Amino acid sequence: MTPVSVLCVPYAGATGLAYARLSRRAGPELRFTGLDLPGRGGLADRPPPRDAAEAVAALSAQAAPVADAGVPYAVLGHSLGALLAHRLTAALSQGAHQGPRTPPSLLVVSCCPPPHLADRLGAGAEELLGAAARELRATSGRAGADRTWAAGRSDMELGRELTDGAGPPDGGPRPVDVPVLALYGADDPLFPGTAVRGWERWTRAGFTAREVPGGHFCFREHAAAYVTTIREALRGSTPRPGPPAADDRRTARLKGVRTSRGDEVWRA
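Residues numbered from 1 in each chain as written. Predicted model: local features only at pLDDT ≥ 70, side-chain atom pairs only at ≥ 80, totals over all residues. Heavy atoms only, no water.

1. Comments concerning the state of the cysteines
- A full pass over the atoms with the stated rule returns 0 disulfides.
- Between Cys-112, a cysteine without a disulfide, and Cys-111, which holds the nearest cysteine sulfur, the sulfur-to-sulfur distance is 8.9 Å. (Disulfide = S-S within 2.5 Å.)

Okay, structure coming up:
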């Protein structure tokens, strides 16, 4: 069995290595591959991107070996990385009309408001960067946290550019012809499901929103449940039937239950 590649776009201040925990939980069906922005990680010897176009071009170049291989793959972005992942998906899909390139089978946007609600991202920028720095300090020490804070401020400027023209989508970012899976943490204090579900208007090919356990960094806190949700979405399978949907969130969080909002909620 050839595993499906999931190309992972870093969040503010991070590198592709931030998704390493998902790789350890991937199993034989998935392969999580971290991408980097210029100026950090595997591209540390290159100058940082001057604008969103340079950032997307650098990500597209790293994605090319997978996108040009003619096999199914997905694109994943967490937090600010979701906005970049959306632009990357659009770029890869556009390239598919010009040659042998294959568009992604799925775009996964995680714990991030969509472009037309991204003012919420800016309003929580300091808290967001602080959370990223604390998360990295726990695994990489203070020096790593300080680098995250500095790079994150630059990335937030990219984030503002990535949402230019959003409103109704008549300029700037546009809907993609790729199915979108929107994930949000059950205990995320920054971007709850009400904000993340707004991604529905940014795809013309199907939309699913799912709650996963954990806070803003749910993909690290509960990697197994997070990977399971992506795996099931890529399979296109239907969750096993559970109890009837109810407004009571304690009932709605049982594995496989579809809530009254239409979200599929998983517990692994």
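2. Here we look at the packing of aromatic side chains
- Across all of its chains, the model carries 5 aromatic pairs by this definition.
- With a centroid separation of 6.1 Å and 65° between ring planes, the pair formed by Tyr-11 and Phe-219 is classed as edge-to-face. In this pair, Tyr-11 sits in the loop between strand S1 (4-9) and helix H1 (20-24) while Phe-219 sits in helix H7 (residues 218-221), placing the two residues 208 residues apart along the sequence.
- For Tyr-11, a relative accessible area of 7% translates into the label buried. (Phe/Tyr/Trp six-rings, centres within 6.5 Å; stacked < 30°, edge-to-face > 60°. Helix = DSSP H or I, 4+ residues; strand = E, 2+ residues; numbered from the N terminus. Buried < 20%, exposed > 50% of the residue type's maximum accessible area, 1.4 Å probe, protein only.)

3. Structural notes on the pairing of strand S5 (residues 180-185)
- With 6 of 6 residues buried, S5 is to be regarded as a mostly interior element.
- Judged by which residues are buried, S5 turns out to be covered on both faces: Val-180, Ala-182 and Tyr-184 on one side and Leu-181, Leu-183 and Gly-185 on the other are all buried.
- As defined by bridge partners, strand S4 (residues 106-110) adjoins S5 across 4 bridges and the pair is classed as parallel. By the bridge assignment for S5, Val-108 is matched with Leu-181.
- Bridge analysis of S5 against strand S6 (residues 207-212) gives 6 bridges, and the strand direction is parallel. Of the residues in S6, the one forming a bridge with Leu-181 is Thr-208. (Pairing = 2+ DSSP bridges.)

4. Describing the pattern of salt bridges
- Scanning the model with the defined rule gives 6 salt bridges in all.
- Among the salt bridges present, the one from Asp-177 reaches Arg-204, with a minimum N-O distance of 2.8 Å. Of this pair, Asp-177 sits in the loop between helix H5 (125-162) and S5 while Arg-204 is found in the loop between helix H6 (193-196) and S6, placing the two residues 27 residues apart along the sequence. Across this residue pair, the class does not change: Asp-177 and Arg-204 are exposed. (Salt bridge = Lys/Arg side-chain N within 4 Å of Asp/Glu carboxyl O.)

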